[in-house]
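# Breakdown of the fold
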Amino acid sequence: MAVLDRTPAPNAPTPGATPPAAPDGGRKARSDGTRPLGAGLALAALATVVWSGSFVTSRALHDAVPPVQHAFWRWLIAIAAVAPFAAGQTWRQRNVLRRHPRFLLLAALLGVTVYNTLVNQAAMTTGAGNMGMIMAASPVLMAVYERIGGTRLGARRVTGMLVACAGVLLLVGGGSLAVDLTAGDLWIIAAALSFGSYSALLKRKPAEIGQLPFLFATFVLGALMLLPAYAVSHAVQGGFEPAVGTVAPLLYVGVVSSAVAFFAWNKAISLIGAARAGVVYYLQPVCVALLSFALLGEAMGWLQGLCMGLILGGVVLGAARAK
């Protein structure tokens, strides 16, 4: 009598075993990308709203805290805020981080050392609203970088970007496309270039580096690169007076605008890419204008309403998933 071969076929499930989960975990939202898109847009919007408040704090501190010292203390506070959550993971990934020194140094230089220092410098001679509006130009650079990298942006996203950009230009120019730039405006343009380059660079982050170790490492490296400039500023300009009016804004930019917002922004880009997250970033001048109206009592007229409508419309059009 022939002996039956009971060895399971190579791809056959073992009797009684639980069938393997589908690659998407059985969740349709994952398969069509709806859930990552929604989460990415929400995280990008959170970072944008939080950063809008940081322009107000930068302007509020421009007479009390020198720009470099403002940036340095911001990152020291951010390091202290992130350390309890990230120090252990960063130590465990120390060998992974050592394999990517150039990427980490460039990300820290653009996103930590340079960007916020330039924003603080701009705040010396230009208002928070103007800074927020000019910073909204950085998504253009993000989209250019992605296109150079071979990403197809699509007609809808490009159209949304152009509509939002037109709203920003009209808002900056007071109803005219002719923009009169001050020294502070030039500083914030440089900051926008730095932030746009940082955001595009995030797409090249090695997958083996975790989000928290990356955040913690760039904060530490960025603060270390700022240390010589801080020492010079302290020697030449002197320190600042620790008081409620200086410490509270520094805590906001250190904990909320740095630790929370940078984590949200970096995660958003990992989910939806720099170009789509950049479209959401166009909301920043709207947020800054609303904060200025609510906190500073600045007037809002029909022009501001029209430009905000253009910006919001562009964001909705550009951030939507193509059908």
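Calculation criteria
- Residues numbered from 1 in each chain as written.
- Predicted model: local features only at pLDDT ≥ 70, side-chain atom pairs only at ≥ 80, totals over all residues.
- Heavy atoms only, no water.
- Phe/Tyr/Trp six-rings, centres within 6.5 Å; stacked < 30°, edge-to-face > 60°.
- Helix = DSSP H or I, 4+ residues; strand = E, 2+ residues; numbered from the N terminus.
- Buried < 20%, exposed > 50% of the residue type's maximum accessible area, 1.4 Å probe, protein only.
- Core = buried A, V, L, I, M, F, W, Y, C linked by side-chain atoms within 4.5 Å.
- Contact = heavy atoms within 4.5 Å.
- pLDDT = per-residue confidence, 0-100.
- Axes fitted to C-alpha atoms, helices over the stretch in contact; angles between N-to-C directions.
- Parallel < 35°, antiparallel > 145°, perpendicular 65-115°, else oblique.
- Nonpolar A, V, L, I, M, F, W, Y, C, P; charged D, E, K, R; others polar.

Glancing now at the packing of aromatic side chains. Describing an aromatic ring pair means giving the distance of the ring centres and the angle of the ring planes. Scanning the entire structure with this criterion turns up 13 aromatic pairs. Ring geometry for W51 against F262: centres 5.2 Å apart, planes inclined by 75°, an arrangement best described as edge-to-face. Placement of the pair is W51 in helix α2 (residues 34–60) and F262 in helix α11 (residues 244–272), with a sequence separation of 211 residues. Seen from their ring centres, W75 and F262 are 5.5 Å apart, and the 75° between their planes marks the pair as edge-to-face. Here the residue W75 occupies a position in helix α3 (residues 67–92), and F262 occupies one in helix α11, the gap between them amounting to 187 residues. The pair W75 / F262 is uniform in exposure class, with both members buried.

This part is about the nonpolar core. Counting 62 residues, the largest nonpolar core has F55, Y115, M135, I188, F195, F219 and W265 as its most contacted members. When residues in this core are grouped by element, the largest group, 9 residues, is from helix α5 (residues 101–122). Ignoring anything within four residues of it in the chain, the contact list for M135 reads F55, Y115, I188, A191, A192, F195, Y281 and Q284. L153, A164, A289 and I311 belong to the second-largest nonpolar core, a separate cluster that totals 12 residues.

This part takes up the confidence of the model for the chain. In the predicted model, the chain carries a mean pLDDT of 80, and the fraction of residues at 70 or more is 80%. Across the chain, element-level confidence peaks in helix α4 (residues 94–98) with a mean pLDDT of 96 and bottoms out in helix α1 (residues 28–31) with 42. Overall, residues 1–32 carries pLDDT values under 50, and its contacts beyond four positions in sequence, including any with other chains, amount to 9 contacts.

Now for the packing of α11 against helix α12 (residues 274–281). Axis angle and axis distance: for two packed helices, these are the angle between their axes and the distance between the axes, and together they describe the pair. α12 packs onto α11 with a crossing angle of 130° between their chain directions and a minimal axis gap of 7 Å. Put simply, α11 runs oblique to α12. Contact residues: W265, I269 and I272 in α11; A274, R276, A277, G278 and Y281 in α12. Across the contact of α11 with α12, the residue classes tally to 6 nonpolar, 1 polar and 1 charged.

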